[in-house]
Amino acid sequence: MINILATLMAIAVAAMVWVQVITINKTAKLQESNFNIIVNRALTDVNDMLVFQETNLFYELDTQNYIPDVPASGGLNLFPKSDPSASLDRLSRSGELSVSYKHKTVKTSNGKFDIRQEKATYSLPSMQSLYNRQSEEQSRQLRFKSFMLLRGEMKVVDRIPPGYLQHELDLELKEKDILLPYKFCVKTTANGKTKMALGDPDYNPAEGTREYHTPIFYDDNSSKPHNLFVYFPGQHAQQIKAISSIVLPSLILTLIIIGIFVFTLQIILRQKKLSQIKNDFINNMTHELKTPISTISLASQMLKDNSLVHSPSTIDHISGVILDESKRLSSQVEKVLQMAVFNEGKLKLKFTEIDLNQIMAQAASNFEIRVITSGGTLETSLLAENPVISGDEVHITNVIFNLLDNAEKYSKEIPKIEISTENRNNWVVVQIRDYGIGISKENLNQIFERFYRIPTGNVHNVKGFGLGLSYVKRIVEEHHGKIKVESTVGKGTKFRIYFPVTNS
Ligand code: ADP
């Protein structure tokens with residue numbers, strides 16, 4: 001189930017990233033084509049302005065000084081297209097033209113609309129003067145054509161006033177919200193060769209830079225066409241900047257989602273591992289508790305069995321077994337209880353001034369019998385001159401016992417243990433060293449985790465709950481101390497606990 005979930009989530013995240021990449025790519029392309037359209041539009045507008053300026057120049061220079069008194073766009077526009085019902089009524093001899101509108105919509109005082117008949121009268125010049133004007137118009141058009149032919153032969157530098165092109169480009173681009181710096185030039189093609197005619201002397205687009213161009217004065221139909229070229233040196237950087245404003249937030253969001261995904265997966269896997277460890281723990285515990293219980297029940301059955309001879313020595317032996325086994329049982333139960341208290345965070349310590357030399361000596365003398373029985377040695381060297389710390393005596397003693405217990409449990413055939421105390425700066429350092437099986441580097445930082453047991457550590461079929469060291473660490477930290485471990489596989493392990501000295 002976890003694997004399926006993880007795969008589905010990975011596919012979903014990958015698909016999301018893919019969709020984002022496509023969207024960003026499309027946005028980038030759209031932005032670029034938008035920019036291209038706007039720039040091309042600006043260039044055509046500049047050309048329109050050039051043509052307009054040239055036409056104006058013609059009117060200024062025209063010797064006849066003819067200024068048309070009719071609107072340039074529509075001529076004599078007496079019949080507005082918007083009112084097709086208007087019709088020519090009659091043309092008066094005086095040249096007066098009467099136009100009647102058959103109906104007209106009027107808004108009345110009470111707010112309603114009413115359709116009324118109405119007449120309007122317009123004046124028109126006489127037919128003769130109209131004719132005169134028409135022939136004048138024709139000759140003016142001829143003059144304009146020859147003017148334009150003449151201009152078409154001129155060099156482009158002579159046609160465009162200095163600075164005018166730059167000014168127009170500035171205006172048109174700014175109007176279209178393009179504030180990027182640009183370079184421009186006009187190139188003229190003559191006899192198959194294209195030459196720069198005017199513009200920025202340093203006009204030289206870098207490779208990969210997009211050039212925009214438009215023909216100018218193309219109405220000339222000249223054999224020497226001119227083209228206006230523009231490029232933006234910072235266009236690429238600008239595009240990257242625009243895109244990064246979209247990419248960056250989506251990148252951050254994607255990373256957050258991936259982070260949460262990985263974190264969730266880790267939690268799930270850790271929980272799975274923990275539940276496995278807890279199962280092992282229950283199995284272990286059942287085994288550890290079953291042995292003393294069955295021994296005690298066997299011993300009590302023996303006592304109850306009247307067919308057996310109950311000499312004082314047998315009773316003494318059996319009661320000894322019961323006592324030993326119940327002690328073992330209570331110590332196991334104690335351990336589990338200790339851990340249960342731990343879990344609920346109810347650990348309450350009673351701080352008093354304690355002498356670590358004394359505690360270590362006491363622990364060593366209690367433990368010695370166990371080591372000596374199995375033929376081993378326990379060496380003590382309590383050198384701390386200032387061994388007093390503020391701590392909880394019971395828990396500190398438990399800590400020392402746990403470490404001594406491990407040193408013996410994970411020893412080789414014959415246990416060899418050394419314990420010592422010393423002062424280092426403001427610390428009392430307690431060291432418990434064994435020459436046992438040791439711990440590999442990979443396992444070293446996990447041994448303090450709750451329920452963790454090194455699988456291969458079970459050489460002597462040593463039973464445990466994987467709780468001892470996590471308890472030790474917690475107690476040491478509650479005392480503002482620190483615990484360090486050094487170990488070499490096959491050579492032994494050195495646990496060192498640092499407790500802060502009270503009266504240094
Ligand atoms: P356990 O109840 O298994 O002893 P601990 O928390 O005390 O639990 O220890 C965790 C694991 O660390 C042990 O299972 C053992 O493999 C390893 N370990 C602890 N102390 C020693 C030691 N002195 N030498 C070698 N291995 C050790």
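The shown structure was predicted, so the numbers you read here are calculated from the model rather than taken from an experiment.

Q: Residues and numbers for the site of the ligand, please.
A: Taken together, 19 residues lie near the ligand, and N406, Y410, D434, R453 and L469 sit nearest. One nitrogen or oxygen atom from the side chain of Y410 is found 2.7 Å from an oxygen atom belonging to the ligand. For the ligand, the protein covers 98% of the area, taking 530 Å² as the surface of the free molecule. Taken together, the elements giving at least two residues each to the shell around the ligand come down to α8 (393-409), α10 (468-478) and β14 (492-500). The residue makeup of the shell around the ligand, split by class, is ten nonpolar, six polar and three charged.

Q: Kindly report on the packing of aromatic side chains, identifying the contributing residues and their values.
A: Enumeration according to the criterion identifies twelve aromatic pairs in this entry. Considering the side-chain rings of Y212 and F232, the 6.0 Å spacing of their centres and the 75 degrees angle between planes classify their relative orientation as edge-to-face. With Y212 in strand β6 (residues 211-216) and F232 in the loop between β7 (226-231) and α5 (235-304), the pair connects residues that are 20 residues apart, well separated along the chain. The buried category is assigned to Y212, whose relative accessible area is 2%. Here the aromatic cluster, defined as three or more aromatic residues joined through ring pairs, consists of F35, Y182, F184, Y212 and F232. Note that R159 overlies the ring of F217, its terminal NZ or CZ placed 3.8 Å from the centroid. The cationic tip of K416 hangs over the ring face of Y435; the distance from NZ or CZ to the ring centre is 4.2 Å.

Q: Pulling in residues and values, what's your account of the pattern of salt bridges?
A: Opposite charge on two side chains permits pairing when their charged atoms draw close. Scanning all chains against the criterion turns up 16 salt bridges. Put simply, R151 and E54 hold a salt bridge, and the shortest N to O gap is 2.7 Å. Of this pair, R151 sits in helix α2 (residues 127-153) while E54 sits in helix α1 (residues 2-61), placing them 97 residues apart in sequence. The class of R151 is buried, set by a relative accessible area of 10%. Its salt-bridge partner being R140, residue E137 comes within 2.6 Å of it at the nearest N-O pair. Highlighted residues: E137 and R140, both in helix α2, separated by three residues, approximately one helical turn. Residue R140 is classed as buried on the basis of its relative accessible area of 7%. Taken together, the shared-partner salt bridges in this structure form one network comprising R41, D45, E172, E175 and K176.

Criteria and cut-off values
- Residues numbered from 1 in each chain as written.
- Predicted model: local features only at pLDDT ≥ 70, side-chain atom pairs only at ≥ 80, totals over all residues.
- Heavy atoms only, no water.
- Near = heavy atom within 4 Å.
- Polar contact = N/O pair within 3.5 Å; in protein donor to acceptor, adjacent residues only side chain to side chain.
- Areas by Shrake-Rupley, 256 points an atom, 1.4 Å probe, with all protein chains shown as cover.
- Helix = DSSP H or I, 4+ residues; strand = E, 2+ residues; numbered from the N terminus.
- Nonpolar A, V, L, I, M, F, W, Y, C, P; charged D, E, K, R; others polar.
- Phe/Tyr/Trp six-rings, centres within 6.5 Å; stacked < 30°, edge-to-face > 60°.
- Buried < 20%, exposed > 50% of the residue type's maximum accessible area, 1.4 Å probe, protein only.
- Lys NZ or Arg CZ within 6 Å of the ring centre and 35° of its normal.
- Salt bridge = Lys/Arg side-chain N within 4 Å of Asp/Glu carboxyl O.

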